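Chain by chain, the residues run as shown.
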Amino acid sequence: MTETRHTRVLIIGSGPAGYTAGVYASRAMLQPILVQGLEPGGQLTTTTEVENFPGFTEVQGPDLMIKMQEHAQAMGCEIVGDIITDLDLSKRPFTAKGDSGTTYTADAVILATGARAKWLGLPSEEAFKGFGVSACATCDGFFYRGQEIVVIGGGNTAVEEALFLTNFASKVTLIHRRDELRAEKILIDRLMKNDKIHPLWHHQLEEVVGENDPKGVTGIKVKNVQTGEISEIPCKGVFVAIGHAPASELVKDQLELHNGGYVSVQPGSTATSVPGVFAAGDLTDHKYRQAVTSAGMGCMAALDAEHWLAAQDD
Ligand code: FAD
Ligand code: NAP
């Protein structure tokens, strides 16, 4: 349906940053509209236990995000299942086009589009995506019951994915290009104590090997980065967990960016290079990238938007 809707504050994104902005903007009586995007609830919907969000000793990521959505809704935030495909920040009111056909105009915009999984960029990885190659253990782990699988990466995500996948797989090989993990110590400790997990240090994925009828992975070729030696590992699943890149496509030619695509904000603020446009969460933050820091920035963005709008009305 084609329609145009105006709002004081348009929030783009439904992760911890977006929903927290929704709570605060609603309580400031700004009647925000929040557009959820392709991944309602954001990155935490792709994980299981979250143990470091204050107030929850342990909570499932998807459950936490449902609670945040319900909280924003209860405060009066309108939540819309749509994807913004085009955003014009060159004049006010700002204009955002939704995939649904709806056009949103807004006096202020809060960008909270977060980050998306990175891929290695190998042709064979692309060829077997969805047929044995995945970036989401929570989504796809169940398909590998009793199978051997590999996880690529050495950060929190790779270690958590490897641990989670031991619920299904007979063996998990964690392949890391160095011999030091950058994951939290508590996670490394669990990894090292798990008999099903076999770390393979100083190696990188060279090629995913598989067959086409039926289409599926049968193994991988890995290279020892110290000796150059290539070896093969049989496996049915390949989980790529090498980090995330900011989802700044909508604004890359309109806002100042830093560190290869993160939206720049003024120090101690969420104000971007365009007045009236604020950014929060993983979209701006190449350093902390946590649910709680994203939520904190979502709060800041709503307060910054409220103050900026009040100043325009004076
Ligand atoms: P995201 O959660 O990335 O959400 C982005 C939102 O923007 C999504 O809703 C998406 O649909 C929306 N969006 C994107 N583009 C558009 C568009 N064009 N139009 C409309 N909407 C759009 N952090 C922790 O603190 N503890 C943990 O235990 C933890 N575990 C993690 C496990 C995994 C597997 C991963 C991947 C991350 C984990 N993190 C954890 C990090 C945490 O998930 C992120 O820091 C946090 O989700 C970032 O929140 P955000 O609101 O900035 O964005
Ligand atoms: P990350 O911390 O950026 O780690 C990425 C890992 O992948 C690194 O070990 C890196 O190797 C490796 N890597 C990157 N590019 C590679 C390539 N081309 N080939 C091979 N290996 C490659 O990413 P993340 O683990 O997804 O974490 C992202 C953020 O979310 C972090 O801030 C993290 O703390 C947070 N997070 C938190 C939790 C939690 O709190 N429990 C859980 C998940 C994520 P090098 O080490 O050699 O650089």
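Residues numbered from 1 in each chain as written. Chains lettered and ligands numbered in written order. Predicted model: local features only at pLDDT ≥ 70, side-chain atom pairs only at ≥ 80, totals over all residues. Heavy atoms only, no water.

- An unreviewed UniProt entry annotates the chain as Thioredoxin reductase of Pseudodonghicola flavimaris.
- Under Sequence similarities (unreviewed entry), UniProt gives the following word-for-word description of the chain: "Belongs to the class-II pyridine nucleotide-disulfide oxidoreductase family."
- Regarding the chain, the UniProt comment filed under Catalytic activity (unreviewed entry) reads as follows: "[thioredoxin]-dithiol + NADP(+) = [thioredoxin]-disulfide + NADPH + H(+)". (UniProt positions renumbered as here; feature names shortened; annotations may be inferred.)

### Notes on the sheet that holds strand β17 (residues 237–240)
For step 1, the next point in the chain: Read across the open sheet, the five strands follow the order β10-β17-β11-β12-β13; overall the sheet is parallel. Of all strands in the sheet, those bounded by a partner on one side alone are β10 (133–134) and β13 (197–200).
For step 2, the next point in the chain: Sheet analysis places strand β12 (residues 171–175) next to β13, joined by four bridges and oriented parallel. When the bridges of β13 are listed, L174 appears paired with P199.
For step 3, the next point in the chain: Of the strands in this sheet, β11 (148–152), β12, β13 and β17 are in contact with helix α5 (residues 156–165), which crosses β11 at around 165 degrees. (Pairing = 2+ DSSP bridges. Helix = DSSP H or I, 4+ residues; strand = E, 2+ residues; numbered from the N terminus. Contact = heavy atoms within 4.5 Å. Axes fitted to C-alpha atoms, helices over the stretch in contact; angles between N-to-C directions.)

### Observations concerning a positive patch on the surface
For step 1, the next point in the chain: Taken together, the side chains of K118, R177, R182 and R289 present a region of like positive charge at the surface.
For step 2, the next point in the chain: Along the chain, K118 turns up in the loop between β9 (115–117) and α3 (123–127). (Patch = residues over 30% accessible without salt bridge, like charges linked within 9 Å, V, L, I, M, F, W, Y side chains within 5 Å. Areas by Shrake-Rupley, 256 points an atom, 1.4 Å probe, with all protein chains shown as cover. Salt bridge = Lys/Arg side-chain N within 4 Å of Asp/Glu carboxyl O. Lys, Arg positive; Asp, Glu negative; His and termini not counted. Charge placed at Lys NZ, Arg CZ, Asp CG, Glu CD.)

### Considerations on the state of the cysteines
For step 1, the next point in the chain: One pass over the full model with this rule turns up one disulfide.
For step 2, the next point in the chain: What pairs with C136 in a disulfide is C139, and their sulfur atoms sit 1.9 Å apart. Between C136 and C139 the disulfide shows an S-S torsion of about 75 degrees. By sign, it is right-handed.
For step 3, the next point in the chain: Considering cysteine sulfurs only, C136 is the nearest to C235, which forms no disulfide, with 18 Å between them.
For step 4, the next point in the chain: Residue C235 is classed as buried on the basis of its relative accessible area, which comes to 4%.
For step 5, the next point in the chain: Left without a disulfide partner, C299 is nearest to the cysteine sulfur of C77, which lies 14 Å away.
For step 6, the next point in the chain: Take C299: its relative accessible area is 16%, and that puts it in the buried class. (Disulfide = S-S within 2.5 Å. Buried < 20%, exposed > 50% of the residue type's maximum accessible area, 1.4 Å probe, protein only.)

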